[in-house]
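Coordinates in review
Each chain is listed here by its residues.
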Amino acid sequence: KEHYKMLVLGGGSGGITMSARMKRMMGAGNVAVVEPSEMHYYQPIWTLVGAGAKSLASSGRPTASVMPSGVKWVKSKVQEINPDTNTVCTEDGTEISYEYLIVALGLQLHFEKIKGLPEAFDHPKIGSNYSVQTVEKTWTALQNFQGGNAVFSFPNTPVKCAGAPQKIMYLTDSFLRKTGKRAEANIIYNTSLPVLFGVKKYADALWEIVKSRDLQVNLRQNLIEVRADKQEAVFENLDKPGETNVIEYEMLHVTPPMGPNLVIKGSPLADEVGWLDVNKDNLQHKTYPNVFGIGDCTNLPTSKTGAAVAAQSAILNRTISKVLKNEKPDRKYDGYTSCPLVTSYNTVMLAEFDYNGEPLETFPINQAKERRSMYHMKADVMPHLYWHGLLRGLWGGPGPYRKLFHLGMK
Ligand code: FAD
Ligand code: UQ1
């Protein structure tokens, strides 16, 4: 039977980041990460992979290369978490016990909840930036598009990076303008949400963009079926139950329904819905004080992003250092999250906001404007910050820089 002082579940953004920080805090031999995947992906760049601006290969590195040296990699899937006995069971039948546990299992994609998926991905003209298997299909569909309806969906569930479903629409519009095919296209964004974006400042600016670029936005439309043989997408009107709307497509980008990781959902660590039930100020589990959570798997009431993981990692580090000393956690997470809204092949609107949905901008300029500098940051700077800063436990989000940049202002 294996035992670790600190066991981390999941080796994605949050898991690798926290294992690097925990190694610094308590020594390499005391930390283990359970992660089945050979490869670690920088998912935020998939938006640009789907649009042909980056290669898929550039988004992945071997998990072995991001695992901090000396930290034990348990290459298996977590099957069961038993917080009452401080143990975890893996798929290969191993039982691991722990003193402290960090849960960073991410969320689950549910392509299968849309009738006709995932089989429809065997047909052309359909793709999804949300998975490694389907992201290059988006680029194929975009390149082969000759005219007709280009359709983009947003599901009736929480999603990670809530801006990504529309970023690929803006990139599609730009690509078709560049290649002279825009006049032949109807670009349609069908979202389950009652708004274009959750924060008014950015939503207002995005509405201006969709109007000026002739992009059609339909609210409260939920994708429920894809008939790939007929190139038909079926949407239900969420305000009029039973009313459906069939659209013939020449290109379809699917954002799948998402939900809690089923391992958490089936454990005592879950809230009523299935998300990891943590304290929103300090990321400690609400009923098991030796359990902590970070990232997409949690019920933190903020938008699920890598930028949020960065800010959370600094807070969680502080919380755990206090708990180890039998002191009370003292620093509070403000809900910081960020969504670099890619609006073309050379512009980004950098949305940043907190728990209250209030803008919390790093730079002392109006970030609701599309900027080339922010595109450069998203496409060329962020990947380095991710691989060399965040994953090594050296980047805890832009908070300190925000305070510095705003000194003497406001
Ligand atoms: P993940 O990084 O998804 O890691 C979860 C890990 O858990 C995975 O490695 C998985 O293999 C592992 N796992 C799952 N089940 C088990 C199990 N049973 N046992 C063991 N391990 C398991 N964020 C931004 O900040 N900016 C962006 O511009 C942005 N754009 C995005 C665009 C797209 C298309 C996508 C898909 C995401 C984007 N994100 C963006 C979101 C960002 O990638 C996630 O929020 C972030 O990766 C969350 O980190 P995490 O550790 O919670 O989950
Ligand atoms: C960020 O910290 C981060 O994590 C590394 C991202 O994920 C890829 C982001 O997209 C953003 C925008 C941030 C925030 C960083 C700055 C400099 C504003």
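Below is a short write-up of the structure. (Residues numbered from 1 in each chain as written. Chains lettered and ligands numbered in written order. Predicted model: local features only at pLDDT ≥ 70, side-chain atom pairs only at ≥ 80, totals over all residues. Heavy atoms only, no water.)

Quick look at the sheet that holds strand S11 (residues 148-154)
- The five strands are arranged S10-S17-S11-S12-S13 in an open sheet whose pairing can be described as parallel. If you trace the sheet from one side to the other, it starts and ends with strand S10 (126-127) and strand S13 (216-218), each paired once.
- Pairing of S10 with strand S17 (residues 251-253) involves two bridges; the strand directions are parallel. Residue pairing in the sheet places Gly127 in a bridge with His253 of S17. (Pairing = 2+ DSSP bridges. Helix = DSSP H or I, 4+ residues; strand = E, 2+ residues; numbered from the N terminus.)

Describing the site of ligand 1
- Surveying the vicinity of ligand 1 reveals 33 residues, the closest of which are Gly14, Glu35, Val78, Asp296 and Ala307.
- With respect to ligand 1, the backbone of Leu105 contributes an N or O atom lying 3.5 Å from an oxygen atom.
- Note that an oxygen atom of ligand 1 is positioned 2.9 Å from one of the backbone N or O atoms of Gly306.
- If ligand 1 stood free it would expose 1000 Å²; the protein chains cover 90% of that surface.
- For the shell around ligand 1, the element with the most residues is helix H8 (residues 306-324), which contributes three residues.
- In terms of residue class, the shell around ligand 1 is made up of 13 nonpolar, 13 polar and seven charged. (Near = heavy atom within 4 Å. Polar contact = N/O pair within 3.5 Å; in protein donor to acceptor, adjacent residues only side chain to side chain. Areas by Shrake-Rupley, 256 points an atom, 1.4 Å probe, with all protein chains shown as cover. Nonpolar A, V, L, I, M, F, W, Y, C, P; charged D, E, K, R; others polar.)

A closer look at the side chain of Gln367
- Considering the arrangement of structural elements, one finds Gln367 in the loop between strand S21 (347-353) and helix H9 (372-390).
- Residue Gln367 is classed as buried on the basis of its relative accessible area, which comes to 1%.
- At a separation of 2.8 Å, a polar atom in the side chain of Gln367 contacts the main-chain carbonyl oxygen of Leu350.
- Aside from chain neighbours lying at most four places away, what touches Gln367 is Lys201, Tyr202, Met349, Leu350, Glu352, Glu361 and Thr362. (Buried < 20%, exposed > 50% of the residue type's maximum accessible area, 1.4 Å probe, protein only. Contact = heavy atoms within 4.5 Å.)

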